[in-house]
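Each chain, written out:
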Amino acid sequence: MSDVQIDLFGDVVGQSRAVAQLRAALARPVHGYLFVGPPGSSKSAASLGFAAGLVCPNGGCGQCDSCARAMRGVHPDISTIERTGAAITVDEIRDVTTRALRRPVEGVRQVLIIDDVHLALRSAPALLKTLEEPPSKTVFVLTAEDVAPGLATIASRCAVITFSALGEAGVAEWLIRRGVEPLHARLVAAGAAGDLQRAELLADDADYLVRLARWRDVPSRLDGSGAAAAVAAEELLGSLDDALEPLRRHHGAELSALEDEARQRGERGLPGRKEIVERHQRAERRWRTDELRSGLAVLQRAYRDRLRAVLEQLDDQPGSPGLLEEAQRDATAVERISSASAALSRNVQAPLLLASLLAQLETVS
Ligand SMILES: [Zn+2]
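In every chain, residue numbers begin from 1 and rise along the written sequence. At least 70 in pLDDT is required for a residue's local features to be given in this predicted model, at least 80 for side-chain atom pairs to be given and counted, and no such filter applies to totals for whole chains, interfaces and linings, which use all residues.

Points about the domain arrangement of the protein
The test is simple: An automatic or database domain assignment supplies the start and end points of every domain. Contacts are defined on C-beta atoms placed from the backbone: any two residues whose C-beta positions lie within 7 Å are in contact. As a working rule, the residues Ala, Val, Leu, Ile, Met, Phe, Trp, Tyr, Cys and Pro are called nonpolar, Asp, Glu, Lys and Arg charged, and the rest polar, with Gly in that last group.
As assigned here, the protein comprises domain 1 (16–162), domain 2 (166–204) and domain 3 (215–364). The centre of domain 2, based on its C-alpha atoms, is set 18 Å off from the matching centre of domain 3. With five residues of domain 2 at the interface, the matching set in domain 3 holds five residues. When its residues are assigned to classes, the side of domain 2 that touches domain 3 shows two nonpolar, one polar and two charged.

Quick look at the sheet that holds strand β5 (residues 159–162)
Quick note on the threshold: The rule for pairing is simple: two strands pair if DSSP sees at least two bridges between them. Helix and strand definitions follow DSSP, with helices as H or I runs of at least four residues and strands as E runs of at least two, each counted in order from the N terminus. Only the stretch in contact is used when a helix axis is fitted, and all axes are lines through C-alpha atoms; the angle between N-to-C directions ranges over 0 to 180 degrees.
Ordered in space as β2-β3-β4-β1-β5, the five strands form an open sheet in which the pairing is parallel. In this open sheet, the two edge strands, each paired with only one partner strand, are β2 (78–81) and β5. Within this sheet the neighbouring strands show an average axis-to-axis angle of 20°, counted without direction. When strand β3 (residues 110–114) meets strand β4 (residues 138–144), the two strands line up parallel, connected through five bridges. Across the sheet, Val 111 pairs through a bridge with Val 139, a residue of β4. Taken strand by strand, helix α2 (residues 43–55) contacts β1 (32–36), β2, β3 and β4, and its axis lies near 170° from that of β4.

Considerations on the environment of Arg 109
Note that Arg 109 resides in the loop between α4 (90–101) and β3. A sequence separation of 28 residues divides Arg 109 from Lys 137, and the C-alpha atoms of the two residues are 4.7 Å apart. Setting aside its immediate chain neighbours within four residues, Arg 109 contacts Leu 54, Val 55, Pro 104, Lys 137, Thr 138 and Val 139.

Here's the deal with helix α8 (residues 182–192)
Given 3.6 residues per helical turn, the α-helix brings residues three or four places apart onto the same face. The cut-off we apply is this: Counts of 20 or more other C-beta atoms within 10 Å of a residue's own C-beta define buried residues, counts of 12 or fewer define exposed ones, and intermediate counts define partly exposed ones; C-beta atoms are placed from the backbone. The arc in question is the one spanned by the directions pointing from the helix axis to the C-beta atoms.
Burial in α8 covers these residues: Ala 185, Val 188, Ala 189, Gly 191 and Ala 192. Viewed along the axis of α8, the buried residues span an arc of 165°, placing them on a single side of the element. Elements that come into contact with the buried residues of α8 comprise α7 (168–177), α9 (196–203), α10 (208–216) and α13 (273–316). Positive phi shows up at Ala 193, right after α8, with a value of about 50°.

Section: helix α5 (residues 124–132)
Among all positions of α5, only Ala 124, Leu 127, Thr 130 and Leu 131 are buried. Projected down its long axis, α5 carries its buried residues within an arc of 125°, all on one side. Residues of α5 that are exposed and point more than 90 degrees away from the buried face comprise Lys 129 and Glu 132. On its buried face, α5 is in contact with β1, α4, β4 and α6 (152–156).

What about the nonpolar core?
Burial of nonpolar side chains together is a common tendency in soluble globular proteins. To be explicit about the condition: The nonpolar core is taken to be a set of buried Ala, Val, Leu, Ile, Met, Phe, Trp, Tyr and Cys residues joined by way of C-beta atoms within 7 Å.
Ala 51, Val 141, Leu 175 and Val 188 are the most contacted members of the largest nonpolar core, which totals 63 residues. The greatest single-element share of this core, amounting to seven residues, is contributed by α2. Sequence-distant contacts of Val 188, defined by excluding residues within four places in its chain, comprise Leu 175, Val 180, Ala 199, Leu 202, Ala 203 and Tyr 208. Of all hydrophobic cores here, the second largest spans 19 residues; its members include Leu 236, Leu 296, Ala 302 and Leu 361.

What to know about unusual backbone geometry
The residue Ser 42 is not glycine, and still its phi comes out positive at about 70°. Relative to the helices and strands, Ser 42 is located in the loop between β1 and α2. We classify Ser 42 as buried; it has 22 C-beta atoms within 10 Å. The phi angle at Asp 116 is positive, at roughly 60°, despite the residue not being glycine. With respect to the element layout, Asp 116 can be found in the loop between β3 and α5. A residue is classified by how many C-beta atoms lie within 10 Å of it, and Asp 116, with 18 of them, is partly exposed.

Some points on the packing of α10 against helix α12 (residues 227–264)
Heads up, the rule is: Angle categories are assigned with fixed cut-offs, so that under 35 degrees is roughly parallel, over 145 is roughly antiparallel, 65 to 115 is roughly perpendicular, and the rest are oblique. Should the near helix be turned anticlockwise from the far one by less than a right angle, the crossing is termed left-handed; should it be turned clockwise, right-handed.
At a minimum axis separation of 10 Å, α10 and α12 run at an interaxial angle of 160°. The orientation of α10 with respect to α12, classified from their angle, is roughly antiparallel. Seen from above, α10 lies across α12 with left-handed handedness. Within the contact between the two elements, α10 uses Arg 211, Arg 214 and Trp 215 and α12 uses Glu 235, Leu 236, Ser 239, Asp 242 and Ala 243. When the residues that make up the contact of α10 with α12 are grouped by side-chain class, the tally is three nonpolar, one polar and four charged.

Take a look at the structure:
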């Protein structure tokens, strides 16, 4: 025992309900848990803390050597299975099954954390089979962004713990606690869509506010000439590329750290390098889409603000034909942006989407 008290759930942000459920579960754990929640909702931090509690000989004391090692990610009875490709493969699940049958190294029990099971497409039946014949000293902690239909049976074999998306206020508060200046924290939270990882990168991104302004200024720049829309679309596309830079740097640093570790272990090259690079590429594609979605939200807010101002003027000059027309245009713009956001979920490519949206906004401006 040491004097240092570790809060096993100290890195979990704004999920008091889920944390209370997990703390209670530590007393009498069942064999499987499914954490469901959007990206960046602290599921990983929670699964680590929960696993630490499960393998601790004192039920999650936060003071013993077992807890300390678990929280550093080096406990032999906790394994995290991360997919290496776009989906969890049948081979990866086979590996899980083999591991599940092993005895715990230190005695109490072992924990297998499997992330992104919403991506266990073809391997779901194999995973289900393992969950249905649970080895007595193994606890499974699965995480997923949602319970897709193919996952319903797996969910029914687990205790489901729900993680909610953090609101803007929650993200801002978290940033402020980490030393980000309050006004900046609120602006970053507005673009983070409840995702803490995204918020963290944006907070360190000096150009974030410049990009924000570029989106916000679009309405005032569209002059109806046709040329302005094309120029603005081009610039916003450039913004999306700029936005990727901090994430790329982060990925580059992660890769060199892993390569250093491999070298110190005496390996030639980094095992699984290709898969790591592919994971980075997927994250970068997702990041670009998130950035576009967040930009569209800023643009929409700009038109909403304009609409509100026009409606206030209309209060003073009821029935003014000019103002009515203006209100109609801004309302149409708000609607068009909603449709563009919806198209984003259907995988419409960014260049096409922006060019067509801005051309439409230009004609209503
Ligand atoms: Zn402990």
